[in-house]
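What follows is the residue order along each chain.
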Amino acid sequence: MNSLSSCPLCNFYPNFRPKPIIQRDVRPPICTGEEANLKWTNLKRNLTPEERIAISRLPKIMANRCKALMKKLICFSSQDENLHLLLAAWVKTLKPSRADWLAVLKEMKRIEHPLYIEVYEYALLEDTFEANVRDYTKLIHTFGKQNNLHRAEGTLHNMKRRGFPLDLVTLTTLIDMYSKAGELKYAKEIFDEIKLLGIDYDKRAFGSMVMAYIRADMLEEAESLIKESEAREIYTGTEVYKALLRAYSNKGDSKGAQRVFDSIQFARVVPDSRICALLVNAYCLAGQTTEARCVIENMRRAGLRPCERCITLIIDAYEKDNRLDKALDFLAEMERDGIAISQDTLGVLQGWFDKIGVKEEMDEILKEVSLLQG
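Here the structure is a predicted model, which is why all the values come from computation and not from measurement.

A. Highlighting the overall build of the protein chain. If you tally the helices and strands in the protein chain, you get 21 helices and zero strands. Taken over 374 residues, the protein chain has a buried fraction of 43%. Residue pairs in contact within the protein chain that sit at least 24 positions apart in sequence constitute 59% of those at least 6 positions apart. Surface accessibility of the protein chain: about 22,400 Å² in total, with carbon and sulfur atoms responsible for 52%.

Below, the structure is given as structure tokens:
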């Protein structure tokens, strides 16, 4: 059958003859490396002083293809340009590898570029980036630090949609995110999901959930979870123990503070003067000055010098009990051990002496202390 007779216009218009189709090569011209670099390094407008400085501070060891994109991003204007088209052109023209993407993202993060997250999100969808679970986890963590739960959850959804499995690091990141956002319910759901998935807990997972309970002021639940982890011979970080100890200390719950203090030693963590100060504070707030003094004595026996905070706390407690004799005896004991008395502590004493009307005697004591410490 004649191909012309199959044309519908020929059936109605016998004199019509279609023009022959000329096949053309529609592929874009192949650019040499120099031409590509010339196209990418030529900027469309004059640079501002700030842009010139930012470009001059790009790492010298950065690959040229990465520098080319960074220059464009530094001078980027959302009114005149489209970010996605810019990145697509970079991928098509300069063929970046995963290492190139990571170099660009690292530099954008270093200079706190406002388009860092948008470029990161675009990279996750690019085959040349070769995204993995950890890349998605880092972005979720970034959104979590910004308290942007909506975008963090959207990133998690995209990760699942692309078939990436949830691992312990990602789930722990979610617990930490919900914990800091005050969403204890969701943090607990994620923690329970770890068990349902058959994944073994580690100290970061336990630590993140303990911190969630502490932030929710559920100290007994936090302490119970620490005991569960210890039963599995999994010990959370020192900062987690200190956070729980601090929470009990600020409440003046000396019994809870002492239990956590004992757990710290059970976890093979040697208490320093700051940790001991938290226990001293708990006893002082509870009105148990004698026990607080015992903590100081134990510190000295263990070779720890009481910090300024410990000394000030004891003096404050003695002032509340109106035990000036005890306070002076304690200060004399500290001086004999060569422990300097801070200006804060002396200020507390001065205010105390003013209240009881013996300011002149206090001035004499201050002079003696200054001479001893001088």
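B. Region of the structure containing helix α7 (residues 116-124). With seven of its nine residues buried, α7 lies for the most part within the structure. Where α7 is buried, its residues touch α4 (64-74), α5 (83-94), α6 (98-110), α8 (133-145) and α9 (149-161).

C. Region of interest: α6. In this model, α6 (13 residues) spans 18 Å end to end at C-alpha, consistent with the 18 Å of a helix rising 1.5 Å per residue. Looking only at α6, the buried set comprises Asp100, Trp101, Val104, Leu105, Glu107 and Met108. Seen end-on, α6 carries its buried residues on one side only, within an arc spanning 165°. Across α6 from its buried face, at more than 90 degrees, point the exposed residues Ala99, Lys106, Lys109 and Arg110. Looking one or two residues past α6, Glu112 carries a phi angle of roughly 55°, positive in sign.

D. Seen up close, unusual backbone geometry. Its identity is not glycine, yet Lys95 carries a phi of approximately 50°, on the positive side. Despite not being glycine, Glu112 shows a phi value in the positive range, around 55°. Secondary-structure assignment places Glu112 in the loop between α6 and α7.

E. Representation of the UniProt feature "repeat: PPR" (unreviewed entry) in the protein chain in the model. In the UniProt entry, the feature "repeat: PPR" (unreviewed entry) is given for residues 132-166, 167-201, 237-271 and 272-306. The distance from the first to the last C-alpha atom of residues 132-166 is 11 Å, and the span holds 74% helix and 0% strand. In residues 272-306, helix accounts for 74% and strand for 0%; the two terminal C-alpha atoms are 9 Å from one another.

F. Focus on the side chain of Ser263. Relative to the elements of secondary structure, Ser263 occurs in helix α15 (residues 254-266). Of the residues examined, Ser263 reaches a relative accessible area of 9% and is grouped as buried. Leaving out residues up to four positions away in the same chain, Ser263 has contacts with Lys227, Glu230 and Tyr241.

Definitions and limits used
Residues numbered from 1 in each chain as written. Predicted model: local features only at pLDDT ≥ 70, side-chain atom pairs only at ≥ 80, totals over all residues. Heavy atoms only, no water. Helix = DSSP H or I, 4+ residues; strand = E, 2+ residues; numbered from the N terminus. Buried < 20%, exposed > 50% of the residue type's maximum accessible area, 1.4 Å probe, protein only. Contact = heavy atoms within 4.5 Å. Areas by Shrake-Rupley, 256 points an atom, 1.4 Å probe, with all protein chains shown as cover. Expected span 1.5 Å × (residues − 1). Arc of directions from axis to C-beta. UniProt positions renumbered as here; feature names shortened; annotations may be inferred.

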